[in-house]
Amino acid sequence: MLLLLVIPLSHGCKKEKDPWVWCMDCTMNDIVGQFEGKGYYVHADNSVELFDQPVYLNISEQGIDGLTVQVGILNRFYMSIGGQYTQTYYLSLGSMSEDFYLTIWKNNDEIKLSGTAKRFYSKIVGDVEYKITTELLDFEVFHVED
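The model shown is predicted, which means the values in this text are computed figures rather than measured ones.

Summing up its helical and strand segments, the protein has one helix and nine strands in all. When the helices and strands of the protein are listed from N to C terminus, the series reads β-α-β-β-β-β-β-β-β-β. Residue pairs in contact within the protein that sit at least 24 positions apart in sequence constitute 46% of those at least 6 positions apart.

Quick look at the packing of aromatic side chains now. Applying the stated criterion across every chain, the model contains seven aromatic pairs. Aromatic pair F100 and F139: ring centres 6.0 Å apart, planes at 20°, arrangement stacked. Of this pair, F100 sits in strand β7 (residues 98-107) while F139 sits in strand β9 (residues 128-143), and the two are 39 residues apart along the sequence. With a relative accessible area of 0%, F100 lands in the buried category. Taken together through their ring pairs, the aromatic side chains of W22, Y89, Y90 and W105 make up a single cluster. Here the guanidinium or amino end of K112 rests over the ring plane of W105, the centre of that ring lying 5.8 Å away.

How each quantity is defined
- Residues numbered from 1 in each chain as written.
- Predicted model: local features only at pLDDT ≥ 70, side-chain atom pairs only at ≥ 80, totals over all residues.
- Heavy atoms only, no water.
- Helix = DSSP H or I, 4+ residues; strand = E, 2+ residues; numbered from the N terminus.
- Contact = heavy atoms within 4.5 Å.
- Phe/Tyr/Trp six-rings, centres within 6.5 Å; stacked < 30°, edge-to-face > 60°.
- Buried < 20%, exposed > 50% of the residue type's maximum accessible area, 1.4 Å probe, protein only.
- Lys NZ or Arg CZ within 6 Å of the ring centre and 35° of its normal.

Pasting the structure below:
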């Protein structure tokens, strides 16, 4: 006896009602505050790879167009980095050993931040400088309501 099971393909392909788009008109007030969400963490030195980790992100204003970002996973990873926000849909901050990238998304009045925080060291081979990543946190967070 042959049993044929037919599964309609349309059920697996749901389209979002309200898609997230880059927040082209976001200001400092839209991104300052506390955010929480989930992230993927990798520590290359001791081969740690963790999925769905609880991530916190705090953004505070520092002077005109300046801000400080604190991002982490409790008891695992922490980064604090500062820089300028140029009122666009992304934020890119860096230092000699850390990089922080953030994309700002909007869905109606809701803000979502997705990004990457990484630690690295530089190695020079000949005339070429390589950045070797030692820790990486890839995350997606939402504003925490007061």
